[in-house]
Every structure is written in structure tokens, then in C-alpha cells.
Amino acid sequence: MPAYTMVHRDACERNGDWSLVRRSLGLTAFGINLVEIPPGASIPEHDETLRDQEEVFFVVSGTPTIVVGGEELDAPAGTFVRVDVEPKRTVKNDGLETASVMIMSAPRSSGYEPMSWA
């Protein structure tokens, strides 16, 4: 059995506009999914207090707005946004093209230790 898993985004298991990357790769240490947000749509507003998870949003394409605690952050392609556990957050797309956003998360208590050079 190989020591890696590889999947193209088009081959990921899907649930509506969501590509279930974590599930498709068989990840167990952190969450990662990709969502396609059509013009005029948004993801559900939520916080991560119950799961104690930090989240990172990476805008792959489009020009969505990431809303954190009511503050609207313009986030063009290439933007990273890290969000603490507590604030409510959502991603909305007021643009004219579909926005593609990768969302990664892990519990703050995961035991992660950065490499010394990073």
C-alpha cells in the first residue's frame, strides 16, 4: 500500500458545491475542503467553538468577501485569511464569477509543532 494519497479536485467526493478533500484523501489530522461559491451565494455562517478549530481560508479563484465577526474582508485570488475559533465567519460571493475557496482547519490542541526553519 502506498505511503501517500493523490486525488485531482475533479475526482473528489462531492456534496453540492463542496469538494470533500479531507474525505477523498483519507486525512485524519486536519480538515481541508474546497468550495465553489456561485455569484450571489455564501457558505453558512458559523464559529468553531465546539470543535476548537482554527480555520484558514485560501482564495483559489474569484473575488469573494470573507466576513469575520461582521467585518468584511475583500479577498482576491491568492489571499489567505486565518480566523480564531470564536468569531462567526462566512464567505460570500458578490462577484460576477464563481469563487473557489479552500478551507483548512485543525484543533488548537492538535499538538502541531512548526519546523525550526518555517
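Rules used in this analysis
- Note that residues are indexed from 1 along each chain, following the sequence as it is written.
- Given that the model is predicted, a residue must reach a pLDDT of at least 70 before its local features are reported, and side-chain atom pairs must reach 80 or more before they are shown or counted; all residues, however, enter totals for whole chains, interfaces and linings.
- Excluding hydrogens and water, the side-chain figures rest on all heavy atoms present in the structure.
- Any carboxyl oxygen of Asp or Glu within 4 Å of a side-chain nitrogen of Lys or Arg constitutes a salt bridge here.
- Elements are defined by DSSP. Helices are runs of H or I of four residues or more, strands are runs of E of two residues or more, and each kind is numbered from the N terminus.
- Strands are treated as partners if at least two bridges between them are detected by DSSP.
- Between buried and exposed lies partly exposed: a residue is buried under 20% and exposed over 50% of the maximum accessible area for its type, with that area taken using a 1.4 Å probe on protein chains only.
- Here a polar contact is taken to be a pair of N or O atoms separated by no more than 3.5 Å, where protein atoms must pair a possible hydrogen donor with a possible acceptor and residues adjacent in sequence count only if both atoms sit in side chains.
- In this description, contact between two residues means that some pair of their heavy atoms is separated by no more than 4.5 Å.
- Each axis is a line fitted through C-alpha atoms, taken for helices only over the stretch in contact, and angles between the N-to-C directions span 0 to 180 degrees.
- Grid points spaced at 1 Å over the protein atoms alone were grouped into cavities, where a 1.4 Å probe fits but cannot get out, and pockets, open sets with protein on both sides within 12 Å along at least five of seven lines, with lining residues defined by an atom within 4 Å of a point.
- Grid points are joined across faces, edges and corners, and a volume is the space filled by probe spheres set on the points.
- Under the grouping applied here, Gly and all other residues not named as nonpolar or charged are polar, the nonpolar ones being Ala, Val, Leu, Ile, Met, Phe, Trp, Tyr, Cys and Pro and the charged ones Asp, Glu, Lys and Arg.

Chemist: Can you lay out the pattern of salt bridges for me, pointing to particular residues and giving the numbers?
Modeler: If you walk through the whole model with that rule in mind, you get 11 salt bridges. A salt bridge links glutamate 48 to arginine 51; its shortest N-O distance comes to 2.8 Å. Arginine 82 is paired through a salt bridge with glutamate 54; the nearest N and O atoms lie 3.2 Å apart. Residue arginine 82 is found in strand 7 (residues 80–83), and its partner glutamate 54 is found in strand 4 (residues 53–61); the two are separated by 28 residues along the sequence.

Chemist: I'd love a proper account of the sheet that holds strand 3 (residues 31–37), names of residues and values included.
Modeler: Taken in spatial order, the six strands line up as 1-2-3-9-4-7 in an open sheet, and their pairing is antiparallel. Of all strands in the sheet, those bounded by a partner on one side alone are strand 1 (14–15) and strand 7. The pairing of strand 2 (residues 18–19) with strand 3 spans two bridges and is classified as antiparallel. Of the residues in strand 3, the one forming a bridge with tryptophan 18 is valine 35.

Chemist: Residue-level account of the side chain of glutamate 55, with values.
Modeler: Assignment of secondary structure puts glutamate 55 in strand 4. With relative accessibility at 5%, the residue glutamate 55 sits in the buried group. Polar side-chain contacts of glutamate 55 include one of 2.6 Å to the side chain of arginine 89. Once you skip the residues sitting within four places of it in the chain, glutamate 55 turns out to touch His46, Glu48, Val81, Arg82, Val83, Arg89, Ile103, Met104 and Ser105.

Chemist: Run through the sheet that holds strand 6 (residues 71–74), naming residues and quoting values.
Modeler: If you walk across this open sheet you meet the three strands as 6-5-8, and the pairing is antiparallel. What marks the edges here is a single partner per strand, and that holds for strand 6 and strand 8 (89–92). Each neighbouring strand pair of the sheet contributes to a mean axis angle of 25 degrees, computed without reference to strand direction. Pairing analysis gives four bridges linking strand 5 (residues 65–68) to strand 6, with the strands arranged antiparallel. Across the sheet, the residue bridging to isoleucine 66 is leucine 73, located in strand 6.

Chemist: Describe in detail the pairing of strand 7, supporting the description with residues and values.
Modeler: Burial along strand 7 is one-sided: Val81 and Val83 are buried, while Phe80 and Arg82, pointing the other way, are not. Here four bridges tie strand 4 to strand 7, and the two strands are oriented antiparallel to one another. Its bridge partner lying in strand 7, phenylalanine 58 is registered against phenylalanine 80.

Chemist: How would you explain the layout of surface pockets if you had to name every residue and give the values?
Modeler: Size it by volume and the largest pocket reaches roughly 400 Å³. Lining the largest pocket are 20 residues, and of these Trp18, Asn33, Glu48, Arg51 and Glu55 sit closest to its centre. Among the elements of the structure, strand 3, strand 4 and strand 9 (99–107) are those that each provide at least two residues to the lining of the largest pocket. Taken together, the residues that form the lining of the largest pocket break down as nine nonpolar, seven polar and four charged. By volume, the second largest pocket is sized at about 330 Å³. Considering every element that reaches the lining of the second largest pocket, the biggest residue donor is strand 9, with four residues.

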